[in-house]
Amino acid sequence: MFTRIKIIFLCLGTLLGTCHLGLAQENRPWTQEEIKTRAIKKLNDAAQWSIENGIMEYYLHNEDDMWIQRKTGDEWAVSTYSGPDIDSDMFMARFIIKAVGIYYELLVMKRIEYKNYVYEYWVQKVSGSELSGKVDWRCKFIITRADNVRGKREILKEEPQFFESYQIDNSKALKFPVDDAKSLYHLGAWLYSDSYQNSDIKDYKVICYGPGDYVKKKVGWLEKLYIKIMY
């Protein structure tokens, strides 16, 4: 009988110790890496929502920038850096969201209408150089389809490496405007070279000297080294 009581108390002690350890771990401060990991998860979710729903919701809410900002803030606790910028003189669509020094920029780089659908080539750029949000600068390349320009987007393809074209069917492809200096300027491939391993557009930067004045220049090895170190 005495042995059974000892065993029961031993089990209770082990259980209480485990619970105490669990509570201690729950209450301990998060490490910087844990904070960054949680932020990236929220940013990824907010970015996917923005791509799939952002343009549609923008027009459903009477082109209200603040509604989009409140949505991403309330739902994922990320802030909108600016905009969004939708169907403007500068961008077809641009969203910038951030958390703990990490920035996600979402851009529609090309749009075509084909067989009653709208196809778009999106680029998602991830950056962050502050100590709290230091990340590898990288991109994601995304193809979407919608019933109309103001409709919900369906993601058809997403890749971590740049691809120049997406074949819609045997007779039509959505092609990235690799010869357009303005598009290359906004792309900034020279800052994200790891995402362009199979393309030479990373070897050129584009400088904007004013409205419509874009000049493409070769990136030298010293500048490439500097970018690698700094970004």
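How each quantity is defined
- Residues numbered from 1 in each chain as written.
- Predicted model: local features only at pLDDT ≥ 70, side-chain atom pairs only at ≥ 80, totals over all residues.
- Heavy atoms only, no water.
- Helix = DSSP H or I, 4+ residues; strand = E, 2+ residues; numbered from the N terminus.
- Contact = heavy atoms within 4.5 Å.
- Areas by Shrake-Rupley, 256 points an atom, 1.4 Å probe, with all protein chains shown as cover.
- Patch = residues over 30% accessible without salt bridge, like charges linked within 9 Å, V, L, I, M, F, W, Y side chains within 5 Å.
- Salt bridge = Lys/Arg side-chain N within 4 Å of Asp/Glu carboxyl O.
- Buried < 20%, exposed > 50% of the residue type's maximum accessible area, 1.4 Å probe, protein only.
- Bend = angle between axes of the 7 residues up to and from the residue.
- Pairing = 2+ DSSP bridges.
- Axes fitted to C-alpha atoms, helices over the stretch in contact; angles between N-to-C directions.
- Phe/Tyr/Trp six-rings, centres within 6.5 Å; stacked < 30°, edge-to-face > 60°.
- Lys NZ or Arg CZ within 6 Å of the ring centre and 35° of its normal.

**Student:** I'd like a rundown of the overall build of the chain, residues and numbers included.
**Tutor:** Within the chain, the secondary structure is distributed over five helices and 10 strands. Counting only contacts in the chain whose residues sit at least 6 apart along the sequence, the fraction spanning at least 24 positions is 46%. For the chain, the computed accessible surface area is about 13800 Å², with 53% contributed by carbon and sulfur atoms.

**Student:** If you had to explain a nonpolar patch on the surface to someone new, which residues and values would you point to?
**Tutor:** Taken together, the side chains of Trp221, Leu222, Leu225, Tyr226, Ile229, Met230 and Tyr231 present a nonpolar region at the surface, about 800 Å² in accessible area. Within the element layout of this structure, Leu222 appears in helix H5 (residues 221-230). The exposure class of Leu222 is exposed, given its relative accessible area of 54%.

**Student:** Could you give an account of helix H2 (residues 32-60), naming the residues involved and the relevant values?
**Tutor:** Within an α-helix, residues lying three or four positions from one another point in the same direction, as the helix has 3.6 residues per turn. Of all bends in H2, the biggest is about 60°, found at Asn53. Asn62 sits one or two positions beyond H2 and adopts a positive phi of about 55°.

**Student:** Explain the pattern of salt bridges residue by residue, including any values.
**Tutor:** Tallied over the entire structure, the rule returns 15 salt bridges. Here Arg111 and Asp87 are joined by a salt bridge, their closest N and O atoms 3.2 Å apart. Here Asp87 lies in the loop between strand S1 (79-86) and strand S2 (93-99) and Arg111 lies in strand S3 (residues 102-114), a separation of 24 residues in the sequence. What makes Arg111 buried here is its relative accessible area of 19%. With a relative accessible area of 35%, Asp87 lands in the partly exposed category.

**Student:** Describe in detail the sheet that holds S1, supporting the description with residues and values.
**Tutor:** By definition, the strands of a sheet pair up through backbone hydrogen bonds, in either a parallel or an antiparallel sense. On the basis of which strands lie adjacent, the open sheet formed by six strands has the order S1-S2-S3-S4-S5-S6 and antiparallel pairing. Pairing within the sheet leaves two strands with one partner each, and these edge strands are S1 and strand S6 (154-159). Strand-to-strand twist in this sheet, taken as the mean axis angle between neighbours without regard to direction, amounts to 15°. In the sheet, S1 pairs with S2 via five bridges, with the strands oriented antiparallel. Paired with Ile86 across the bridge in S2 is Ala93.

**Student:** Go over the pairing of strand S7 (residues 165-169), please, and point to the residues and values.
**Tutor:** Two elements, S7 and strand S8 (residues 172-175), share four bridges in a ladder whose sense is antiparallel. If you follow Gln167 over to S8, its bridge partner there is Ala173. Hairpin connection between S7 and S8: a loop of two residues separates the two successive antiparallel strands.

**Student:** Summarise the packing of aromatic side chains; cite the residues concerned and give the values.
**Tutor:** Evaluation of the coordinates by the stated rule reveals 14 aromatic pairs. Seen from their ring centres, Tyr121 and Phe176 are 5.2 Å apart, and the 70° between their planes marks the pair as edge-to-face. Note that Tyr121 is positioned in strand S4 (residues 117-127) and Phe176 in the loop between S8 and helix H4 (181-187), a separation of 55 residues in sequence. Residue classification places Tyr121 among the buried residues on the basis of a relative accessible area of 0%. Centre to centre, the rings of Phe141 and Phe162 are 5.6 Å apart; their planes meet at 80°, and the pair counts as edge-to-face. Placement of Phe141 in strand S5 (residues 138-146) and of Phe162 in the loop between S6 and S7 is noted, with a sequence separation of 21 residues between them. Taking NZ or CZ as reference, Lys157 lies 4.1 Å from the ring centre of Phe163, over its face.

**Student:** Quick rundown of the environment of Ser193? Include the residues and the values.
**Tutor:** Residue placement: Ser193 occurs in the loop between H4 and strand S9 (204-210). On the basis of relative accessibility, which here comes to 27%, the residue Ser193 falls in the partly exposed class. With 54 residues separating them along the chain, Ser193 and Cys139 place their C-alpha atoms 9.3 Å apart. When residues no more than four places from it in sequence are discounted, the contact partners of Ser193 are Lys202 and Lys228.

In short, geometric facts, not functional conclusions.
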